[in-house]
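A structural walkthrough
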Amino acid sequence: TIKDIVLTPNPVSLTVGNTQQMTAVVRDSLNQPMPSVDSAITWNLESVIAVSMKPQALEVVGVNTISATGLFTANAVATDKIIATTNQNIEVRVPVNVTKGVVVK
């Protein structure tokens, strides 16, 4: 029986243009890893679309993404949540903070 999912890193902080590989460990009721279930994780992202307000129109600046293998790509400044779900519909959410970063001249 699945007890929980542990995601690392937790939380995630990145600057735009960077990526972070997420790792999920599914644990049973004795806190033992369940590697066969780890590979069946579904990755999703709860995200807010970044927009730029312009006098004539709204322009979509970018959307952050997460791949089927858990690779998060920071494309826009946002506060998102990475969601990992098992095939038994047990899920965990990790906060993600994407910032603009520092420009060095």
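The shown structure was predicted, so the numbers you read here are calculated from the model rather than taken from an experiment. (Residues numbered from 1 in each chain as written. Predicted model: local features only at pLDDT ≥ 70, side-chain atom pairs only at ≥ 80, totals over all residues. Heavy atoms only, no water.)

Observations regarding the overall build of the protein
A count of helical and extended segments in the protein gives one helix and 11 strands. Tracing the protein from N to C terminus, the helices and strands come up as β-β-β-β-α-β-β-β-β-β-β-β. Per-residue burial for the protein yields a buried fraction of 30% across its 105 residues. Sequence-distant contacts in the protein: of pairs separated by 6 or more residues, those separated by 24 or more amount to 52%. Accessible surface computed for the protein: about 6,600 Å², of which carbon and sulfur atoms make up 55%. (Helix = DSSP H or I, 4+ residues; strand = E, 2+ residues; numbered from the N terminus. Buried < 20%, exposed > 50% of the residue type's maximum accessible area, 1.4 Å probe, protein only. Contact = heavy atoms within 4.5 Å. Areas by Shrake-Rupley, 256 points an atom, 1.4 Å probe, with all protein chains shown as cover.)

Description of the nonpolar core
Counting residues in each nonpolar core, the largest one holds 20 residues, and the members touching the most others are Leu7, Met22, Val26, Ile41, Trp43, Phe72 and Ile82. Of all the secondary-structure elements, those providing two or more residues to this core are strand E1 (2-8), strand E2 (12-15), strand E4 (23-28), strand E10 (78-85) and strand E11 (91-99). Here Leu7 is in contact with Met22, Thr23, Ala24, Trp43, Ala84, Val92 and Val94, once residues within four sequence places are set aside. (Core = buried A, V, L, I, M, F, W, Y, C linked by side-chain atoms within 4.5 Å.)

What to know about the pattern of salt bridges
Throughout the structure, instances matching the rule amount to three salt bridges. Across the pair Arg27 and Asp4 runs a salt bridge, and its minimum N-O distance is 2.6 Å. Within this pair, whereas Arg27 is found in strand E4, its partner Asp4 is found in strand E1, the two being separated by 23 residues in sequence. Residue classification places Arg27 among the partly exposed positions, given a relative accessible area of 24%. When the shortest N-O distance is used, the salt bridge between Arg93 and Glu46 registers 2.4 Å. Of this pair, Arg93 sits in strand E11 while Glu46 sits in strand E5 (residues 42-46), placing them 47 residues apart in sequence. Residue classification places Glu46 among the partly exposed positions, given a relative accessible area of 38%. Here the salt bridges do not stand alone but share partners, grouping Glu46, Glu91 and Arg93 into one network. (Salt bridge = Lys/Arg side-chain N within 4 Å of Asp/Glu carboxyl O.)

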